[in-house]
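The residues making up each chain are set out below.
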Amino acid sequence: MSFKKFILDLRNRKKAAEKGGGDKAQAKQKAMGKLNARERIIAILDDNSFREYDMFVEHVARDFDMEKKKLQGDGVIIGTGTINGAPVCIYAQDFTVAGGSLGLMHSRKICKIMDHALKIRVPIIGINDSGGARIQEGVNSLAGYGEIFYRNTMASGVIPQLSVILGPCAGGAVYSPALTDFVFVVENISKMFITGPSVIKTVLGEDYTMEEIGGAKIHAQVTGNAHFYAQNELECFEQIKKLVTLLPRNNQKGSPHIAPCEPKPSKDIEEIVPSNPKLPYDIRDVIGAVVDSSDFFEVMEHFAPNIVIGFGRMKGETVGIVANQPKVLAGVLDCDSSDKAARFIRYCDSFGIPLLVFEDMPGYLPGIDQEHMGVIRHGAKVLYAFSEASVPKITVIIRKAYGGGYIAMNSRHMRADFVFAWPTAEIAVMGPEGAANIVFRREIEDSVDPEAMRAEKIAEYREKFANPYVAASKGYVDEVIEPTETRDRLIHALQVSRDKQVYWPEKKHGVPPF
Ligand code: HXC
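Residues numbered from 1 in each chain as written. Predicted model: local features only at pLDDT ≥ 70, side-chain atom pairs only at ≥ 80, totals over all residues. Heavy atoms only, no water.

1. A word on the overall build of the chain
Here is the rule: Labels follow the DSSP assignment, with helices taken as runs of H or I lasting at least four residues and strands as runs of E lasting at least two, numbered in each case from the N terminus. Two things to know: the radius of gyration comes from C-alpha atoms, and the globule rule equals 2.2 Å times the number of residues to the power 0.38. For the exposure calls, accessible area comes from a 1.4 Å probe over protein chains only, and a residue counts as buried if that area is under 20% of its type's maximum, exposed if over 50%, partly exposed in between. In what follows, residue pairs with any heavy atoms lying within 4.5 Å of each other are defined as contacts. To be clear on the numbers: accessible area is Shrake-Rupley with a 1.4 Å probe, and residue cover counts the displayed protein chains and nothing else. This count recognises Lys and Arg as positive and Asp and Glu as negative, with His and chain-terminal groups excluded. Positions of charges follow a simple convention, taking NZ of Lys, CZ of Arg, CG of Asp or CD of Glu.
Summing up its helical and strand segments, the chain has 20 helices and 17 strands in all. Compactness check: the chain gives a C-alpha radius of gyration of 26 Å against a globular reference of 24 Å for 514 residues, within 12% of the reference. Referenced to the eigenvectors of the C-alpha coordinate spread, the extents of the chain come out at roughly 105 × 55 × 50 Å. The buried share among the 514 residues of the chain stands at 52%. Relative to all contacts within the chain whose residues are 6 or more apart in sequence, the contacts with residues 24 or more apart total 73%. Accessible surface for the chain amounts to roughly 24100 Å². Of this, 56% is attributable to carbon and sulfur atoms. Seen as two clouds, the 62 positive and the 65 negative side-chain charges of the chain have centres 9 Å apart.

Structure representation (structure tokens):
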């Protein structure tokens, strides 16, 4: 072969590999409103930054006539690139090649790029579009998943791991995402389940669609498996880019610094909280009035909306925000909101992202359902996560801070570095109504006008305890501040806490109430 012929031969091989499962399969993928695997990678990464590896890897299956099948790249594309200039490792399963199913070599490619990401300490992004373990490869494909799960666990807390669900992901294809930090889903395209409709029909005789078992909305709203929900793939890719730009590259690096901009809130911070303590408001208005550019990137927006979590920046530095949402269930902590908050707190702590807490909640949700679902076990996760977090952690009590909620939401006793309270704060064992009914029950019952007596006792209790000054008089609240001072106080608190150090008793690791 002349030199030129070598080059042409290489180009032809690459062209064939790029066709994945062939034109027909690619067209079918497109007809479902899905981009193909390489297009997805290119759309996420900076222009011309993608470099591919292992393009010519071949599968090694020999049973079921598999040796006759050419599976291009063994159904997965791996490579490196950049997002807004920051390096990332990435892989994308190609559903057009044997349904993106995972055989031995497919898994080795994913493991190779995961190992690389961990070695060079950069985020790994996995685009999942797969029927799960390749049935024809038997235990080799199970071993392949095991190797991925192990790596997910080793990389946890060291590099950000993002999973994008862009197709029907079944079996092993959903457990790797479940072990990663953030899962992205897209309406009509993402499906996640451990067994698909045909298995459910065979085993249980029940008919369900893929959408019903595990569509995008189910995972964004009901199961809590997904952290970001988008209407289409391009919107999803914008979310990925935004998140990568907010996160530190690894647990040793600070978050990328962006030139700070003052908030541009839609509401005056003094106008947000209604004067009637029973009326709700949107805690996101408070967050928007405090963070740079009023830009708050919410995580798990549709799941357990009684707590709000997400990222923002304060003077250009990324912070994690945990806030009760008074307009949903009065912002109570229940099983789901506790899980949601606790995991996020641990994420921020792993990556050195300071935590800001905005509190307005009447406590843990009472009721037989919650008790039986394990609100004790789930609620304890919040206590554990805040106590354990060693990043700077600062609380602002906006209004209600009652009972267990007061303690759980990063109180002084969980080792908050600073606790501020607005003058509207009510810090007490429980709300004035409940407290008056218990403490003054006899006086109310014995009164000639029980309703008037109840109102009087509620007012008396509110006056005495439902304010920030009792807690401030004991030093549990560091300062009662005006709402307009909030941003300045938080920025100062973050700046002075930068080199914070915490000393723990010697241990291998604790045993959180998982
Ligand atoms: C081998 C597979 C496959 C698999 C799909 N294909 N899944 N090949 N192993 N697991 C192949 C199909 O044979 C087909 O090949 C092509 O991919 C496209 O699949 P279709 O069924 O035509 O596509 P669609 O109708 O869109 O359905 C997609 C699907 C369905 C819902 C994912 O294929 C399905 O239910 N697959 C099995 C899912 C499953 O139960 N996986 C669990 C595996 S066990 P051709 O050649 O016809 O184009 C597992 C255990 C790990 O993962 C446990 C870890 C904890």
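2. So, the packing of aromatic side chains
Threshold: In this analysis, rings of Phe, Tyr and Trp, with Trp reduced to its six-membered ring, are considered paired at centre separations within 6.5 Å, and the interplanar angle assigns stacked below 30 degrees, edge-to-face beyond 60, and tilted for intermediate values. By definition here, charges over rings are those cases where NZ of Lys or CZ of Arg is within 6 Å of the ring centre and within 35 degrees of the ring normal.
Here the structure, examined in full by the defined rule, presents 11 aromatic pairs. Measuring from ring centre to ring centre gives 5.7 Å for Tyr145 and Phe149, while their planes differ by 20°; the resulting arrangement is stacked. Note that Tyr145 and Phe149 are positioned in helix H5 (residues 139-155) at a spacing of 4 residues, about one turn of the helix. Pairing Phe149 with Tyr175 gives two aromatic rings, centres 6.5 Å apart and planes at 70°, and the pair type is edge-to-face. One end of the pair, Phe149, is in helix H5; the other, Tyr175, is in helix H6 (residues 172-179), and 26 residues separate them in sequence. Exposure remark for Tyr175: the relative accessible area of 44% places this residue in the partly exposed category. Clustering of aromatic rings is evident, with ring pairs tying together Phe182, Phe184, Phe228, Phe297, Phe311, Phe344, Tyr347 and Phe351. Here Lys457 stacks its cationic end above the ring of Phe440, 4.7 Å away from the centre of that ring.

3. Looking at the environment of Glu460
Following the sequence through the fold, Glu460 ends up in helix H18 (residues 450-465). Residue class for Glu460 comes out partly exposed when judged on its relative accessible area of 35%. Linking Glu460 and Pro432, residues 28 residues apart in sequence, is a C-alpha distance of 8.7 Å.

4. Let's talk about the pattern of salt bridges
Oppositely charged side chains may form a pair once their charged atoms are brought near each other. Selection criterion: Any carboxyl oxygen of Asp or Glu within 4 Å of a side-chain nitrogen of Lys or Arg constitutes a salt bridge here.
This model, assessed by the stated rule, comprises 40 salt bridges. With its nearest N and O atoms 3.3 Å apart, the salt bridge here joins Asp207 to Lys201. Owing to a relative accessible area of 61%, Asp207 belongs among the exposed residues under this scheme. Between Lys267 and Asp285 there is a salt bridge whose closest N-O contact spans 3.2 Å. Of this pair, Lys267 sits in the loop between helix H10 (233-246) and helix H11 (283-288) while Asp285 sits in helix H11; the two residues are 18 residues apart in sequence, bridging distant segments of the chain. Residue class for Asp285 comes out buried when judged on its relative accessible area of 18%.

5. Brief notes about the state of the cysteines
Stated formally: The criterion for a disulfide is a pair of cysteine sulfur atoms lying within 2.5 Å.
Summed over the entire model, instances satisfying the criterion amount to 0 disulfides. Considering cysteine sulfurs only, Cys236 is the nearest to Cys169, which forms no disulfide, with 12 Å between them.

6. Remarks on unusual backbone geometry
The residue Phe64 is not glycine, and still its phi comes out positive at about 50°. Residue classification places Phe64 among the exposed residues on the basis of a relative accessible area of 65%. With a phi angle near 45°, Asn84 is a residue other than glycine that sits in the positive phi range. Positionally, Asn84 belongs in the loop between strand S2 (76-83) and strand S3 (86-93). Residue classification places Asn84 among the exposed positions, given a relative accessible area of 55%.

7. Examining the site of the ligand
Applied cut-off: We call a residue near a molecule or strand as soon as one heavy atom of that residue lies within 4 Å of the molecule or strand. As used in this structure description, the phrase polar contact means that two N or O atoms lie within 3.5 Å; if the pair is within protein, one of them must be able to donate a hydrogen and the other to accept it, and residues adjacent in sequence are counted only when both atoms belong to side chains.
Near the ligand there are 18 residues, and of these Gly99, Gly131, Ala133, Ile135 and Gly172 occur at the shortest range. Ala133 places a main-chain nitrogen or oxygen 2.9 Å from a nitrogen atom of the ligand. Between the ligand and Ile135, the relevant distance is 3.1 Å, taken from a nitrogen atom to a main-chain nitrogen or oxygen of the residue. Taken together, the elements giving at least two residues each to the shell around the ligand come down to H5, strand S6 (168-170) and H6.

8. Here's the deal with the sheet that holds strand S4 (residues 124-128)
What counts is decided by this rule: At least two bridges found by DSSP between two strands are what make those strands a pair. Axis definition: a line fit to C-alpha positions, over the contact stretch in the case of helices; interaxial angles, taken between N-to-C directions, run 0 to 180 degrees.
The 7 strands lie next to each other as S1-S2-S3-S4-S5-S7-S9, forming an open sheet whose pairing is mixed. Only two strands of the sheet have a single neighbouring strand rather than two, namely strand S1 (51-53) and strand S9 (228-230). If you compare each strand with its neighbour and ignore which way they point, the axes differ by 20° on average. As defined by bridge partners, S2 adjoins S3 across 8 bridges and the pair is classed as antiparallel. Within S3, the residue paired with Gly81 across the bridge is Val88. Helix H4 (residues 104-120) contacts S1, S2, S3, S4 and strand S5 (161-165) of the sheet and is inclined by roughly 25° relative to S2.

9. Some remarks on the pairing of S5
Applicable threshold: A clockwise course of the path from the first strand over the helix to the second, judged with the strands pointing away from the viewer, identifies a crossover as right-handed.
Burial within S5 is extensive, with 5 of its 5 residues counted as buried. Judged by which residues are buried, S5 turns out to be covered on both faces: Gln161, Ser163 and Ile165 on one side and Leu162 and Val164 on the other are all buried. Handedness of the crossover is the feature at issue here: the chain leaves S4, passes through H5, returns alongside S5, and the resulting connection is right-handed. Looking at chain direction, S5 and strand S7 (residues 182-186) are connected through 4 bridges and run parallel. Bridge pairing links Leu162 to Phe182 in S7.

10. Considering H4
To keep things clear, this is the line we draw: Helix span is expected to be 1.5 Å times the residue number reduced by one.
The end-to-end C-alpha distance of H4 is 24 Å, a good match for the 24 Å that 17 residues give at a rise of 1.5 Å each. Within the span of H4, buried status applies to Leu104, Met105, His106, Ser107, Lys109, Ile110, Cys111, Ile113, Met114 and Ala117. Summarising the contacts, the buried residues of H4 are in contact with S1, S2, S3, S4, H5 and S5. Arg121, located one to two residues past H4, shows a positive phi value of around 60°.

11. Some remarks on the layout of surface pockets
Heads up, the rule is: Here a cavity denotes grid points, spaced 1 Å and computed from the protein atoms alone, that fit a 1.4 Å probe unable to get out, and a pocket denotes an open set having protein on both sides within 12 Å along at least 5 of 7 lines; residues with an atom within 4 Å of a point are the lining. Grid points are joined across faces, edges and corners, and a volume is the space filled by probe spheres set on the points. Side-chain classes follow a simple rule in which Ala, Val, Leu, Ile, Met, Phe, Trp, Tyr, Cys and Pro form the nonpolar group, Asp, Glu, Lys and Arg form the charged group, and the remainder, Gly included, forms the polar group.
Put simply, the second largest pocket is a space of about 420 Å³. If you go around the second largest pocket, you meet 26 residues; those closest to its centre are Glu317, Gly352, Pro354, Pro392 and Arg498. Looking at the lining of the second largest pocket, its residues break down into 11 nonpolar, 9 polar and 6 charged.

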